[in-house]
2 protein chains.
Amino acid sequence: MVPKKELNKDLINLIKHGGGVFHPGLSIDCVIFGFHSNQLKVLLLKFTHVEQWGLPGGFIYQKENTENAANRILKERTGLDQIFLRQFKVFGDPGRSDNSLFMKVMELENLPIKTDNWLLQRFLTIGYYALVEFSHVNPAADTISIACEWWDLHQIPSLILDHASILETALDTLRLQLNHQPIGYNLLPQKFTMPELQKLYETILDKKLDRRNFQRRMLGYDILKRLDERREGGAHKAPYLYSFDLRKYHKALDEGLEGGW
Amino acid sequence: MVPKKELNKDLINLIKHGGGVFHPGLSIDCVIFGFHSNQLKVLLLKFTHVEQWGLPGGFIYQKENTENAANRILKERTGLDQIFLRQFKVFGDPGRSDNSLFMKVMELENLPIKTDNWLLQRFLTIGYYALVEFSHVNPAADTISIACEWWDLHQIPSLILDHASILETALDTLRLQLNHQPIGYNLLPQKFTMPELQKLYETILDKKLDRRNFQRRMLGYDILKRLDERREGGAHKAPYLYSFDLRKYHKALDEGLEGGW
């Protein structure tokens, strides 16, 4: 736990000197979805002084690649790196910038409110999303927040700015992505059953899928290896275990799943 | 044809005063694909002084929505509006900004080269793509270019900055999009045959498709109406004519094609 005093020093430093360090007028917001035992959650921060929840985000250093900036932010909030992080949209409505949030922070930190401060300008934001195994994650608050927690997608609190719309767009994109890209590696155990894989899809899509169609389609993608082992111990006939054929899985990540045009 | 003198006045104005008018450090580049009689082309500009080709682009006014900015740029270059324009990626590598291009322009316009000029800073760019019927388009050069022409995708000249990579990413995205979104409205005549629709897909994908698979899959999308008319006059059996069911077509644009998860 970082002592409050030091935390506010970082915050004041960001407000006063960030303008010379970061690319102007552009931020990054990360929608970090977490999957664990058939639950889908999203990681949210509670912002200092503002006392409202929002997406973890940050800024791009003047000589930093945007992808590196997004990975840095993800790592700072979750401790994870080498995560599949996907840029999905720039949010550029001029009405989305609301400088009353940072004005409130400046006021409560006893800083002068200068209208030419870099944080009080119009910001566009680049949305990224990631899907991680949430039991592997240690959520950590940042310079401008006092809490970082997983929230159930069905019970999201009111979010700052246009973050509710960013979250919704990320979820739509993730669901659409299931039609042309593989998913599951790093989210399921190394060996898994077809019903376990189906549960992952059903949890993300928030709907039931037909068992036989699911199996036929999934095998048609040609990214699975059926092992010579079965999952013993259940009430039903012991189901086969599968693992991903990682060479084919990564090829499908690059080139799209089989069955496309 | 705009007289050369006036064109350079606009260019000088952009260099000198654009910094107070546009959002800093962020541009838009448009990959405008054109389809006509089974050819796929892309619209390129030849830049003033630089004498090199690149994508049509522009900047975002300080209070302008990014989508509106992209549509404005598309309209200025093609005369078309209400075109399906899709944001596909932000290009944010710090190495992509090369201010030697604008320095050359400043030098040849006898302007002082000030390193704090807004155009000499790092720029990220938002890529948009559109697909239009190119016989409907009147290509028009802009303030910073001397020519605007359609180029065959197989014969693209060397392009400025990272524009070759932006173009390639747009084409990959367009091809992937065919797996979950309908295409063809505004590109084909109102009534068309299945072979004509297949030719559109084959031209975009740059490969042959199996006739029977194509027909089965396309009918499975449930966006076509088969008409009680046939295309007469060919050597083969007269093929049926189809048109898009526009209600279902637009629903599929919003929600994805049938057959997804």
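Every residue gets a number counted from 1 within its own chain, in the order that chain's sequence is written. Numbering of ligands from 1 and lettering of chains from A proceed in the order in which they are written. In view of the model being predicted, local features appear only for residues whose pLDDT reaches at least 70, and side-chain atom pairs are presented and counted only at 80 or more, with totals across whole chains, interfaces and linings using the full set of residues. As a rule here, side-chain values cover all heavy atoms of the structure and leave hydrogens and water aside.

Bringing the side chain of B:His163 into the picture now. Residue and element names in this part refer to chain B. We count a stretch as a helix when DSSP gives it H or I for four or more residues in a row; a strand needs E for two or more, and each element gets its number in order from the N terminus. Mapping His163 onto the fold places it in helix 4 (residues 163–177). Each residue gets one of three labels from its accessible area relative to the maximum for its type: buried under 20%, exposed over 50%, partly exposed in between, using a 1.4 Å probe on protein chains only. Note on His163: relative accessible area 3%, which makes it buried. We call two residues in contact when some of their heavy atoms are within 4.5 Å. If near-sequence neighbours (up to four positions away) are discounted, His163 is found in contact with Asp29, Gly54, Leu55 and Arg96.

It is worth spelling out the packing of aromatic side chains at this point. All names here are of chain A. A pair of aromatic rings is counted whenever rings of Phe, Tyr or Trp (Trp by its six-membered ring) have centres within 6.5 Å, and the orientation is called stacked for planes under 30 degrees apart, edge-to-face for over 60 and tilted otherwise. Going through the model one piece at a time under the given rule, you end up with 30 aromatic pairs over all chains. When the centroid spacing of 5.8 Å and the interplanar angle of 55° are considered together, the rings of Phe88 and Tyr129 count as tilted. Highlighted residues: Phe88 in strand 5 (residues 85–91) and Tyr129 in strand 6 (residues 124–133), separated in sequence by 41 residues. In this structure, Phe88 and Tyr129 share a single accessibility class: buried. Ring-pair connections join several aromatic residues into one group, and the members of that group are Phe22, Phe59, Tyr61, Trp118 and Phe123. Criterion for a charge above a ring: Lys NZ or Arg CZ within 6 Å of the ring centre, and within 35 degrees of the ring normal. A cation over a ring is seen here: Arg230 above Tyr240, with NZ or CZ 4.1 Å from the ring centre.

Salt bridges, as used here, are contacts in which a Lys or Arg side-chain nitrogen is within 4 Å of a carboxyl oxygen on Asp or Glu. Inspection of the entire model under this criterion finds 22 salt bridges over all chains. Across the salt bridge formed by A:Asp81 and A:Lys75, the nearest N and O atoms sit 3.4 Å from each other. A relative accessible area of 45% places A:Asp81 in the partly exposed class. Of the charged contacts, one joins B:Lys248 and B:Asp222 as a salt bridge, the two residues approaching to 3.3 Å between their closest N and O atoms. Of this pair, B:Lys248 sits in helix 7 (residues 246–255) while B:Asp222 is found in the loop between helix 6 (211–220) and strand 9 (224–230), placing the two residues 26 residues apart along the sequence. Residue class for B:Lys248 comes out partly exposed when judged on its relative accessible area of 27%.

The next thing to look at is helix 4 (residues 163–177) of chain A. All names here are of chain A. Helix length check: helix 4 (15 residues) gives 21 Å between terminal C-alpha atoms against 21 Å at 1.5 Å per residue, within 8%. Among the residues of helix 4, His163, Ile166, Leu167, Ala170, Leu171, Leu174 and Gln177 are the ones counted as buried. End-on, the buried residues of helix 4 take up no more than an arc of 135°, which puts them together on one face. How far a helix is expected to stretch is found by multiplying one less than its residue total by 1.5 Å. Taking the helix axis as origin, the arc is that swept by the directions to the C-beta atoms.

Let's shift gears to the interface of chain B and chain A. In this assembly, 36 residues from chain B lie in contact with 36 residues from chain A. Interface area for chain B against chain A, summed over the two sides, is near 2900 Å², with a carbon-plus-sulfur share of 61%. A 1.4 Å probe defines the accessible area here, and the buried area is the portion of it lost by two parts on being joined, summed over both. On the chain B side of the contact with chain A, B:His23, B:Arg122 and B:Trp261 bury the most area, a combined 30% of that side's loss. Linking chain B with chain A are zero salt bridges, by the criterion used here. By the criterion applied in these results, polar contacts are pairs of N or O atoms within 3.5 Å in which, for protein atoms, one can donate a hydrogen and the other can accept it, and in which residues neighboring in sequence qualify only through two side-chain atoms. Run the count over chain B and chain A and you get 14 residue pairs in polar contact (both at pLDDT 80 or more). If you list the elements that add at least two residues to the side of chain B that touches chain A, you get strand 1 (22–36), strand 4 (57–61), helix 2 (66–78), strand 5 (85–91), strand 6 (124–133), helix 5 (194–205) and helix 6 of chain B. Among the elements that make up the side of chain B that touches chain A, the one with the highest residue count is strand 1 of chain B (four residues). When residues are sorted by character, Ala, Val, Leu, Ile, Met, Phe, Trp, Tyr, Cys and Pro go into the nonpolar class, Asp, Glu, Lys and Arg into the charged class, and all the rest, Gly among them, into the polar class. By residue class, the composition of the side of chain B that touches chain A is 17 nonpolar, 11 polar and eight charged.

Among buried residues, the Ala, Val, Leu, Ile, Met, Phe, Trp, Tyr and Cys ones that are joined through side-chain atoms within 4.5 Å form a nonpolar core. Grouped together as the largest cluster of nonpolar side chains are 84 residues, with contacts concentrated most on A:Ile28, A:Leu119, A:Ile126, B:Ile28, B:Leu119 and B:Ile126. Ignoring anything within four residues of it in the chain, the contact list for A:Ile126 reads A:Leu26, A:Ser27, A:Ile28, A:Asp29, A:Ile60, A:Thr66, A:Gln87, A:Lys89, A:Val90 and B:Val90. Ranked by size, the runner-up nonpolar core spans 44 residues in total, among them B:Leu131, B:Leu174, B:Leu205 and B:Leu224.

We place the copies in one frame by least squares, fitting the C-alpha atoms of every residue whose pLDDT is at least 70 in both. Superposing chain B onto chain A takes a rotation of 180° plus a shift of 0.0 Å along the axis, which leaves an RMSD of 0.0 Å. Taken together, the rotation angle and the small translation identify this as a two-fold axis. When the interface residues of chain B are mapped onto chain A, 100% of them again lie at the interface, so the same face is used by both copies.

Moving on, we get to the confidence of the model for chain A. Low pLDDT marks stretches whose predicted atomic positions should not be read closely. Think of pLDDT as the predictor's per-residue confidence, scored from 0 to 100. Of all residues in chain A, 97% have pLDDT values of 70 or greater, and the mean over the chain is 91. For this predicted complex, the interface confidence reaches an ipTM of 0.90, while the overall pTM sits at 0.92.

Time to look at the sheet that holds strand 10 (residues 240–244) of chain B. All names here are of chain B. Paired strands, as defined in this entry, are two strands with at least two bridges between them according to DSSP. Strand order in this open sheet of three strands is 8-10-9, and the pairing throughout is antiparallel. Every other strand in the sheet has two partners, leaving strand 8 (192–193) and strand 9 as the edge strands with one partner each. In this structure, strand 8 lies alongside strand 10, joined through two bridges in antiparallel fashion. Among the inter-strand pairings, Thr193 is bridged to a residue of strand 10, identified as Leu241.

A separate point is the domain arrangement of chain A. By convention, interface size is frequently given as the accessible area that disappears when the constituent parts associate. All names here are of chain A. Entries for chain A in the domain assignment read domain 1 (4–164) and domain 2 (192–255). With seven residues of domain 1 in contact, the opposing surface of domain 2 contributes six residues. Buried surface at the junction of domain 1 and domain 2, summed over both partners, amounts to about 540 Å²; 74% is from carbon and sulfur atoms. Counting the surface domain 1 buries against domain 2, the share from its top three residues, Phe35, Asn38 and Leu40, is 63%. Here domain 1 and domain 2 share zero salt bridges between them. Each domain span listed reflects an automatic or database assignment of domains.

Let us look at the sheet that holds strand 9 (residues 224–230) of chain A. All names here are of chain A. Strand order in the open sheet formed by three strands is 8-10-9, and the pairing between neighbours is antiparallel. The sheet is open, and its two borders are formed by strand 8 (192–193) and strand 9, each paired with just one other strand. Relative to strand 10 (residues 240–244), strand 9 runs antiparallel, the two sharing four bridges. When the sheet's bridge partners are listed, Arg226 is paired in strand 10 with Tyr242.

Quick look at the side chain of A:Arg77 now. All names here are of chain A. Structurally, Arg77 is set in helix 2 (residues 66–78). At a separation of 3.4 Å, a polar atom in the side chain of Arg77 contacts the main-chain carbonyl oxygen of Ala141. Other than its neighbours up to four places away in sequence, Arg77 contacts Leu43, Leu45, Pro56, Asn138, Pro139, Ala140, Ala141, Asp142 and Cys148.

All names here are of chain B. Only the contacting stretch of a helix is used when fitting its axis, a line to C-alpha atoms as for every element, and angles between N-to-C directions run 0 to 180 degrees. As a packed pair, helix 5 and helix 6 sit with axes 11 Å apart at the nearest point and diverge in direction by 95°. Taken as axis vectors, helix 5 and helix 6 run roughly perpendicular relative to one another. Seen from helix 5, the contacting residues are Met194, Leu197, Gln198 and Tyr201; seen from helix 6, they are Arg211, Phe214, Gln215, Met218 and Leu219. Looking at the contact of helix 5 with helix 6 residue by residue, the class counts come to six nonpolar, two polar and one charged. Comment on the angle field: the value is read as roughly parallel under 35 degrees, roughly antiparallel over 145, roughly perpendicular from 65 to 115, and oblique elsewhere.

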